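A closer look at the structure
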Amino acid sequence: QQFTVGDYLAERLAQIGIRHHFVVPGDYNLILLDKLQANPDLIQVGCANELNCSMAAEGYARANGVSACVVTFSVGAISAFNGTGSAYAENLPLILISGSPNTNDAGQYHILHHTLGTSDYTYQFEMAKKITCCAVAIPRAVDAPRLIDRAIRHALLARKPCYIEIPTNLAGASCVRPGPISAITEPVASDTGALEAAAACAAEYLHGKLKPVILVGPKLRRAGGAAEQGLLKLAEAMGCAVAVQPAAKGIFPENHPQFVGVFWGQVSTGVADAIVHWADALLCVGTVFTDYSTVGWTALPNVPFMQAEMDHVTFPGAHFSRVRLAEFLPLLASRVDFNNTTMVEYARLRPDPPQLCAAPSEAPLTRKEISRQVQSMLDANALTTLFVDTGDSWFNGMQLRLPAGAQFEIEMQWGHIGWSIPAAFGYALRHPERRTIVMIGDGSFQMTAQEVSQMVRYRLPITIVLVNNRGYTIEVEIHDGSYNKIKNWDYAMLVEAFNAEDGRAVGLKATTAGELEEAVKAAGENKDGPTLIECLIDQDDCSRELITWGHYVATANARPPKD
Ligand SMILES: C/C(NCc1cnc(C)nc1N)=C(/S)[C@H](O)COP(=O)(O)OP(=O)(O)O
Ligand SMILES: [Mg+2]
């Protein structure tokens, strides 16, 4: 049994810790799929379409750190580009692998299926270069080890997706066995001089300041557990207030005494807004200031701030390259002075915890009551992960309080509605020990509903709280039009259609608080498959945060062109 290019790729994927990998077969990748299946460490998971396949890989990478998606040429890959774009935007090393035409066809003016119908088959590779940190197309079997190793190492170091294109007649071609995996996984260490200088500069920046605050952004999680631990150490060494950006909710434990809320301008939670704007020194870690996270550029830091990124640190007036977060944060923790002024202020400002009282059971269901019952699901099980999809679910989810151990997943940079269904599926395969809950709108669900059938197939007890407010409400709040109306579905019935002869999905409707209580209870008891709870609420029942945020974003969108 000769060792082939496909075996080489399979072994590399297994060596970097990938187990489940997500595929849609096509005649350009079938031999490759056979080779991946032949590797005892890999588990091949078929998806209903390549958009969902790539989003399932995106979700798996959130849980596992790295993932792989295998598709066929053009008709598969171009859909998978969407999840690859998400992985790029969300800083996840998703390895996109695509089958491609037989190497004998190039240059022969052969018109091939699944192509644009010209003799130029390079367009996919050219496109992939724009949405990955490294794209390789294997021209000969002998080049496979060098190119596969290069692409995977780039992805792991940059926390960005990479692209590997394998011609259909190379997957089974003879190939040498891989060398030591350390050649791929060896991390890049900080430059010691730069590390030292950055820590000294940070101590200098913070020294003498009266009211320092730490602001945590989404990239901290992508820098790995050691970096998150480093932040905790630094926060406790400083004793100061810690706020998180919305896309970083859950990265700093919300039950920690120094957590002051989500800093999101006028739609912040707790008193994060007041504390961040009161600070005279801001230590930003892994932060990203975007139009959405700054509420249309109205919520930016108002003091010169320092920013610690995955591989560099910047200050007002200084920059240090090759300084890794996991090393910088603990070193700084050993240099900073304790200064809890902002926590003293927080103690005076902190809001009373919201007393959300249960609605009478026969009361028509409202958004507030849904949030209250989702909160109780979070409180009931420490090992819960809540996915919130793009829509009012962002704002409802943001207001929830995460108990110790709870995790929160949001795709705020890419913002592809429907992402959470395939992403939660990929995530739950990697974390069967956790309870996965999805909060999603009706419009989002219509984008990727097919992947509920994979939750049925793999008997994943994912709870889907679908908020049916009859259309695209976020869009209505930003700018209304008839295009924000959608055809209503019987969502509860739909998921049971995925059962066919052997599935265990349960679809429930809730129009009152009592019906939701019942449905939540049933969802907790269904261990053999997904439970979708279709929550019917009034189409104008949306959060005031969404309305406020929508107005500012609409204003930012409406800025006239510079003449
Ligand atoms: C259409 C769109 N955004 C534009 C959009 C369009 N296409 C894709 C793939 N992603 C997008 N974000 C958005 S946010 C809808 O309001 C989502 O509707 P729904 O899921 O029903 O949530 P809400 O009702 O709470 O808004
Ligand atoms: Mg909706």
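Keep in mind it's a predicted model, so treat the numbers as computed, not measured.

A few points about the coordination of the magnesium ion (ligand 2)
Geometry sets the ideal angles at a metal, namely 109.5 degrees for four tetrahedral donors and 90 or 180 degrees for six octahedral donors. Protein coordination at the magnesium ion (ligand 2): the donors are Asp 442 (OD), Asn 469 (OD1) and Gly 471 (O), at 2.0 to 2.1 Å from the metal. Sequence positions of the donors to the magnesium ion (ligand 2) reduce to the motif D-x26-N-x1-G. Here Asp 442 is found in helix H17 (residues 442-448), whereas its partner Asn 469 is found in the loop between strand S17 (463-468) and helix H19 (473-478), with 27 residues between them in sequence. For the residue pair Asp 442 and Asn 469, the accessibility class agrees, reading buried in each case.

A closer look at the side chain of Thr 473
With respect to the helices and strands, Thr 473 occurs in helix H19. For Thr 473, a relative accessible area of 7% gives the class buried. The contact partners of Thr 473, leaving out residues within four places of it in the chain, are Gln 539, Cys 542 and Leu 546.

Some points on the nonpolar core
Counting 94 residues, the largest nonpolar core has Ile 214, Phe 328 and Trp 549 as its most contacted members. Considering every element that reaches this core, the biggest residue donor is helix H8 (residues 192-206), with seven residues. Judged by nonpolar contacts, the second largest core, of 47 residues, contains Ala 87, Phe 387, Trp 419 and Ala 428.

Comments concerning the pattern of salt bridges
For the structure shown, the criterion picks out 20 salt bridges. We note a salt bridge from Arg 335 to Glu 196, for which the minimum N-O separation is 2.8 Å. Of the two residues, Arg 335 is situated in the loop between helix H12 (325-333) and helix H13 (341-349) and Glu 196 in helix H8; the sequence distance between them amounts to 139 residues. A salt bridge links Arg 348 to Glu 345, with the shortest nitrogen-to-oxygen separation between them at 2.9 Å.

Rules used throughout
- Residues numbered from 1 in each chain as written.
- Chains lettered and ligands numbered in written order.
- Predicted model: local features only at pLDDT ≥ 70, side-chain atom pairs only at ≥ 80, totals over all residues.
- Heavy atoms only, no water.
- Donors = N, O, S within 2.8 Å, 3.2 Å for Na, K, Ca; no water.
- Helix = DSSP H or I, 4+ residues; strand = E, 2+ residues; numbered from the N terminus.
- Buried < 20%, exposed > 50% of the residue type's maximum accessible area, 1.4 Å probe, protein only.
- Contact = heavy atoms within 4.5 Å.
- Core = buried A, V, L, I, M, F, W, Y, C linked by side-chain atoms within 4.5 Å.
- Salt bridge = Lys/Arg side-chain N within 4 Å of Asp/Glu carboxyl O.

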